[in-house]
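This is what each chain is made of:
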Amino acid sequence: MVKRRKKKISFKKIRKFFVELWKKVKGWFVYLIKQFLNLPKKIRYIIYVWSIVVLLIVIIIVASSTNNKYLSKYEQIEEDINYATSVYVREKALYPLQENKLKLDINVLIDENLMYDDDIKENKCEGFSVSYYDDKKEDYVINSYINCKNYTTREYSDYK
């Protein structure tokens, strides 16, 4: 039976490995820069322009994703209004038709204790929900619209 020796990994070996790796990566980048500078001027300018275009696209994508995070709290308020309206129409046994939709103001939902006004007052929002009973689905269709200091739901002005 042969005994295997355990290899000792020392700090010096790890450090040496990373130093050599750094030198190789640095050398590779220096090589790329030299090759880039050897290209004709026109091609370098084309690469510069395309680099700027790609950078702008990345910036637009990042900006749009952060904008969605900003909108999530307003979407949550709309969902809360939808839920409160659903509870309200079910408790009151209301069945508005699609031709004659029920428009319910946020203040009514707050007065009925179906919503809390903390989020609404904090964001300085006003709004309403529009609901009707769909016979085909046998369920309520509820859409909420809010107008806050920094956000307004699409189609808010259509129902206002």
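So, a few notes on the structure that sits alongside this text. What you see is a predicted model, and the numbers here were worked out from it, not measured in a lab.

**Points about the packing of aromatic side chains**
Summed over the entire model, instances satisfying the criterion amount to 10 aromatic pairs. Ring centres of Tyr45 and Tyr48 lie 6.3 Å apart, and the angle between their planes is 55°; this geometry places the pair in the tilted category. Taken together, the residues Tyr45 and Tyr48, both in helix H2 (residues 41-91) and three residues apart, mark about one turn of the helix. Note that Lys103 overlies the ring of Phe128, its terminal NZ or CZ placed 4.5 Å from the centroid.

**With respect to the nonpolar core**
Inside soluble globular proteins, nonpolar side chains tend to come together where they are buried. Ranked by size, the top nonpolar core spans 19 residues in total, and within it Tyr74, Ile77, Ile81, Leu109, Met115, Ile120 and Ile146 carry the most contacts. Put simply, the parts of the chain that give this core at least two residues each are H2, helix H3 (106-111) and strand E3 (139-147). Residues in contact with Ile146, not counting those within four places in the same chain, are Tyr74, Ile77, Glu78, Ile81, Ile106, Glu126, Gly127, Tyr151, Thr152, Thr153 and Tyr156.

**Description of the pairing of E3**
In the sheet, strand E2 (residues 126-134) pairs with E3 via nine bridges, with the strands oriented antiparallel. Paired with Gly127 across the two strands is Ile146, which belongs to E3. Between E2 and the antiparallel strand that follows it, E3, lie four residues; Glu138 among them carries a positive phi value of about 55°.

**Thoughts on unusual backbone geometry**
At Ala93, a position not held by glycine, the phi torsion is positive, near 55°. In this structure, Ala93 sits in the loop between H2 and strand E1 (102-105). Judged by its relative accessible area of 48%, Ala93 falls in the partly exposed class. Phi at Glu138 takes a positive value of approximately 55°, unusual for a residue other than glycine. Position of Glu138 among the secondary structure elements: in the loop between E2 and E3.

**Describing the pattern of salt bridges**
Inspection of every chain in the model, using the stated rule, returns two salt bridges. Notably, a salt bridge pairs Asp139 with Arg90, separated by 3.0 Å at the nearest N-O pair. Here Asp139 is found in strand E3, whereas its partner Arg90 is found in helix H2, with 49 residues between them in sequence. Classification of Asp139 by relative accessible area gives partly exposed; the value is 34%. With relative accessibility at 46%, the residue Arg90 sits in the partly exposed group. Across the pair Glu112 and Lys92 runs a salt bridge whose closest N-O atoms are separated by 3.8 Å. Taken together, the residues Glu112 in the loop between H3 and helix H4 (118-122) and Lys92 in the loop between H2 and E1 connect sequence positions 20 residues apart.

Calculation rules
Residues numbered from 1 in each chain as written. Predicted model: local features only at pLDDT ≥ 70, side-chain atom pairs only at ≥ 80, totals over all residues. Heavy atoms only, no water. Phe/Tyr/Trp six-rings, centres within 6.5 Å; stacked < 30°, edge-to-face > 60°. Helix = DSSP H or I, 4+ residues; strand = E, 2+ residues; numbered from the N terminus. Lys NZ or Arg CZ within 6 Å of the ring centre and 35° of its normal. Core = buried A, V, L, I, M, F, W, Y, C linked by side-chain atoms within 4.5 Å. Buried < 20%, exposed > 50% of the residue type's maximum accessible area, 1.4 Å probe, protein only. Contact = heavy atoms within 4.5 Å. Pairing = 2+ DSSP bridges. Salt bridge = Lys/Arg side-chain N within 4 Å of Asp/Glu carboxyl O.

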